[in-house]
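# Per-entry structural report
Take a look at the letters that make up each chain.
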Amino acid sequence: YDLGYRVWARIGRAVGSGREWPALSASQQEEMDGAIVMFQEAMDQGHILAARSIGDIYFWGKGVAQDYERAMAAYKVGAEAGDASSQHQLGYMYCEGLGVAVDYQQARAWLEKAAA
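The structure presented is a predicted model; accordingly, all values stated were derived computationally and were not measured. (Residues numbered from 1 in each chain as written. Predicted model: local features only at pLDDT ≥ 70, side-chain atom pairs only at ≥ 80, totals over all residues. Heavy atoms only, no water.)

## Quick notes on the pattern of salt bridges
- Evaluation of the coordinates by the stated rule reveals 3 salt bridges.
- Across the salt bridge formed by Asp83 and Arg52, the nearest N and O atoms sit 2.7 Å from each other. Here Asp83 is found in the loop between α4 (68-80) and α5 (84-96), whereas its partner Arg52 is found in helix α3 (residues 48-60), with 31 residues between them in sequence.
- Classification of Asp83 as buried rests on a relative accessible area of 9%.
- When its relative accessible area of 23% is taken as the criterion, Arg52 is described as partly exposed.
- For Glu112, the salt bridge identified is with Arg108, shortest N-O distance 2.7 Å. In this pair, Glu112 and Arg108 are both assigned in helix α6 (residues 104-115), 4 residues apart and thus about one turn of the helix distant.
- For Glu112, a relative accessible area of 44% corresponds to the partly exposed category. (Salt bridge = Lys/Arg side-chain N within 4 Å of Asp/Glu carboxyl O. Helix = DSSP H or I, 4+ residues; strand = E, 2+ residues; numbered from the N terminus. Buried < 20%, exposed > 50% of the residue type's maximum accessible area, 1.4 Å probe, protein only.)

In C-alpha cells, the structure reads:
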C-alpha cells in the first residue's frame, strides 16, 4: 500500500492535486497503472485504506477513466471493514445513483454508519 500511495501522491503533485487530473504522460500512466496494481493487491489482503484509495481513483477518474461501478465495489470493501470515509461515499453514491440504482434506504444506512 505505502509504495502505491507514494506513487499516486507524487503523480498528483506533478499534475495538480485537484479533483480533476489532466491526461497523464506515458511514464506517469505507467506508474499510475503500477500503483493501482499495488493498491488492488493490498485491498485483496484486507488493507482498508487501499480499498478507499482505489475507490477514490475510480470515483474521481484520477489517472483512469471515471468508473462508478469499480469505485462502488472498492468503497464497499472499505465500508464493510469499518472505514467511515468509504461508508460515507457509499451512502452518497446510493443517494445520487452513481454506479447503482438510487436506493435511499441503503444511502441512509451507510451514512448513519459513517456518522456513528
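## What to know about the side chain of Gln87
- Counting through the fold element by element, Gln87 comes out in helix α5.
- Its relative accessible area of 7% is what places Gln87 among the buried residues.
- There is a polar contact of 3.3 Å between the side chain of Gln87 and the backbone nitrogen of Ala114.
- Residues within four places of Gln87 in sequence aside, it is in contact with Ala79, Gly82, Trp110, Leu111, Lys113 and Ala114. (Polar contact = N/O pair within 3.5 Å; in protein donor to acceptor, adjacent residues only side chain to side chain. Contact = heavy atoms within 4.5 Å.)

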